[in-house]
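# Notes for the structure review
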Amino acid sequence: MFSFRDRSKMIQELTEQTFDLVIIGGGITGAGVALQAAASGISVALLEMQDFAEGTSSRSTKLVHGGLRYLKTFDVEVVADTVRERAIIQGIAPHIPKADPMILPIFDEPGSTFTLFSVKIAMDLYDHLAGITGGKYANYMLSKEEVLAREPQLAAEGLLGGGVYLDYRNNDARLVIENIKAAVADGAVALSRMKVTEILHDDKGKVSGVKAQDLLGDETITVKSKLVINTSGPWSDLVKSLDEKIDHQPTIRPTKGVHLVVDGEKLKVPQPTYFDTGNNDGRMIFVIPRENKTYFGTTDTDYEGDYTHPKVEQADVDYLLKIVNHRYPEARLTLDDIEAAWAGLRPLISSSGEDYNGGKKEHISDENFEKIVATVQEYLENKQSRIQVEKTIHQGVKEEPKDNPSAVSRGSDLTVADDGLLTLSGGKLTDYRLMAAEALKKIVQLLPDKKITLVDSEHYPVSGGQLDPQNVEEELAKIAETGVTKGLSKAEATFLADLYGSNTEKVYALLDQGAFPGLSLAESSSLRYAMTEEMTLTPVDYLLRRTNYMLFISERLMEIKDAVVAGMADFYQWDERTKERYQEELDAIIRETQLADLKAQQS
């Protein structure tokens, strides 16, 4: 069980036990550290001030992205790490990332990231790094006519053709909760709505735990631990400021990314599509089909507002609509077409340069770029050595201006302060397991009195991931067939299997408890599972992060939202005041997600 019903007992554990490790932050980085630490026999407490994944890790582009564009600057090590990590995630969480090859249209315009020639070289190198040697996922080129046959709404003017290469769609918030559930199953204590307010020290000035405020009960508790790691993403600098013993020099430069969702009939794309903005600004835009919707993004602007509640602003909408309408002129999208939107912060490292993930965003002149392309082509044809490739890259690279937020390193950083506070910051979602593995190596060094055998995290599945990654589609289909035999429709059973993986049988086990009024049997069992096994505390938790109703199933959302509130009120025995408060919160978040205020200002 991982439920609100156990929360008081878990808080008691926090106050009575001395942990090996306290993790501050329940996004993907903290979740990954928690899984590996708990599986390695380290006693873990994870504290998150919001819902798990609420801050940043439910607000990504929702891809396990291979980073093809980094090959424009020949960040080979970044791409090599990224595609390797992507394959590992697909192995340990096979029900979450799904292969979804991406189209990259090439336009003849200033500032293009790739030409038809260079994109083929980049895709060949990409496949080489990813170990793709043929088959249905090998890259290939499309003529202008072939691109337009797939995407008739795409602008023909300036279109030269395109490439297709392997990428993976992702359910970011599900990846977080499945990591945390696995950690809890291995003995971790994980609490949401538990805000760390102070870093504590022993009489030698070393970190010895934290104080934390229960935001549901308003109680402040002390959690003792041998080590504390800060994995709070954009909040990393704010958390460090809670430690009076260390320097508070800022290291994070948050940037805001926005995505917009429209009906799939209004913007028809058969598969994910990735292209330059056309503004000669060095940025690229994703357009991705999901459910019966299409979403697109992202922006990349410096952010100095409220970290807990970044908002989609009119300027964000205008920027994205202008780009997408330029690329898809027949779509003629307006603000009124947007059904949902989200804004998220990226916890970028403010300093450029190398890190243990090799993250370094650099600029190369067209002349040097062509030299590098030629050298790489020779390397792929076994006519050139890797040493010569590296030498050519080194000679051709220079730093991009530091005032461009799109140029900040997407790498990560692991530091240990003088008082022992660990901070793991930066990085990309795709790198989360690697970041956690590096942190665990340091944690083991800092716990010399404890015998620790680190888990093989490359092969340790998350909760719900007990599936054969080589046959995941077949296994999920069998799980769905079981649901059909229990009376569910094929669509309902497939939805549950894709969402919960090998845990779907636990959802099926709840079917005999019947349906909540206003919800189907499948929806009721999903909600019950979320409340008993996924620490789902509010209707927003369920409709936005445990499922995707709020973003991609908006029609059904409006039909079931009140029934979800009523079902949770019944399950948790809320009084009428509490029920009304959560209803108001849900309606407010739905209005915000649907950009109701911006639409009202326009009308």
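Quick note: structure is the one above.
Attention here is on the structure that accompanies the text. (Residues numbered from 1 in each chain as written. Predicted model: local features only at pLDDT ≥ 70, side-chain atom pairs only at ≥ 80, totals over all residues. Heavy atoms only, no water.)

### A few points about the side chain of His-201
Assignment of secondary structure puts His-201 in strand S10 (residues 194-201). A polar atom in the side chain of His-201 sits 3.4 Å from the backbone oxygen of Ile-199. The contacts of His-201, once residues within four sequence positions are left out, are Lys-206, Val-207, Ser-208, Asp-243, Lys-245 and Asp-419. (Helix = DSSP H or I, 4+ residues; strand = E, 2+ residues; numbered from the N terminus. Polar contact = N/O pair within 3.5 Å; in protein donor to acceptor, adjacent residues only side chain to side chain. Contact = heavy atoms within 4.5 Å.)

### A word on helix H6 (residues 172-185)
Between its first and last C-alpha, H6 extends 20 Å over 14 residues, near the 20 Å set by a 1.5 Å rise per residue. Counting buried positions along H6 gives 13 out of 14 residues, so the element sits mostly inside the fold. (Expected span 1.5 Å × (residues − 1). Buried < 20%, exposed > 50% of the residue type's maximum accessible area, 1.4 Å probe, protein only.)

### Description of the pattern of salt bridges
Overall, the coordinates contain 39 salt bridges when judged by the stated rule. Across the pair Arg-327 and Glu-109 runs a salt bridge, and its minimum N-O distance is 2.4 Å. Note that Arg-327 is positioned in helix H8 (residues 314-327) and Glu-109 in the loop between strand S5 (102-107) and helix H4 (116-130), a separation of 218 residues in sequence. Given a relative accessible area of 2%, Arg-327 falls into the buried group. The closest approach of N and O atoms between Glu-178 and Lys-181, which form a salt bridge, is 2.8 Å. Of this pair, Glu-178 and Lys-181 both sit in helix H6, three residues apart, roughly one helical turn. Connected through salt bridges with shared partners, the residues Asp-51, Glu-54, Arg-193, Asp-541, Arg-545 and Arg-546 form a single ionic network. (Salt bridge = Lys/Arg side-chain N within 4 Å of Asp/Glu carboxyl O.)

### Focus: the pairing of strand S16 (residues 293-297)
The element S16 is largely enclosed, with a buried count of five among its five residues. The alternating pattern of S16 places Lys-293, Tyr-295 and Gly-297 on one face and Thr-294 and Phe-296 on the opposite face, and all of these are buried. Here five bridges tie strand S15 (residues 284-290) to S16, and the two strands are oriented antiparallel to one another. Its bridge partner being in S16, Ile-288 is matched across the sheet by Tyr-295. (Pairing = 2+ DSSP bridges.)

### Description of empty space enclosed by the protein
One pass over the structure, following the stated rule, counts four cavities of 30 Å³ or more. For the largest cavity, the calculated volume is near 50 Å³. Lining the largest cavity we find Glu-109, Pro-110, Gly-111, Ser-112, Asp-276, Thr-277, Gly-278, Asn-279, Asn-280, Asp-281, Gly-282 and Arg-283. (1 Å grid on protein atoms, 1.4 Å probe; cavity = no way out; pocket = protein on both sides within 12 Å on 5 of 7 lines; lining within 4 Å. Points joined across faces, edges and corners; volume = space filled by probe spheres on them.)

### Things to note about the packing of aromatic side chains
Enumeration according to the criterion identifies 16 aromatic pairs in this entry. Note on Trp-235 and Tyr-307: the rings are 6.1 Å apart at their centroids and 80 degrees apart in plane angle, and the pair reads as edge-to-face. Linking Trp-235 in the loop between strand S12 (220-230) and helix H7 (236-240) with Tyr-307 in the loop between strand S17 (301-302) and H8, this pair joins segments that are 72 residues apart in sequence. Taken as a pair, Trp-235 and Tyr-307 share a single burial class, namely buried. Relative to Trp-342, the ring of Tyr-295 has its centre 5.4 Å away and its plane inclined at 50 degrees; by these criteria the two rings are tilted. Separated by 47 residues along the polypeptide, Tyr-295 in strand S16 and Trp-342 in strand S18 (residues 340-349) bring together distant segments of the chain. Aromatic ring contacts, followed pair by pair, group Phe-4, Phe-571, Tyr-572, Trp-574 and Tyr-582 into a single cluster. The side chain of Arg-5 reaches across the aromatic face of Phe-571, ending 3.8 Å from its centre. Positioned above the aromatic ring of Trp-342 is the side chain of Lys-62, whose terminal nitrogen or guanidinium carbon lies 4.9 Å from the ring centre. (Phe/Tyr/Trp six-rings, centres within 6.5 Å; stacked < 30°, edge-to-face > 60°. Lys NZ or Arg CZ within 6 Å of the ring centre and 35° of its normal.)

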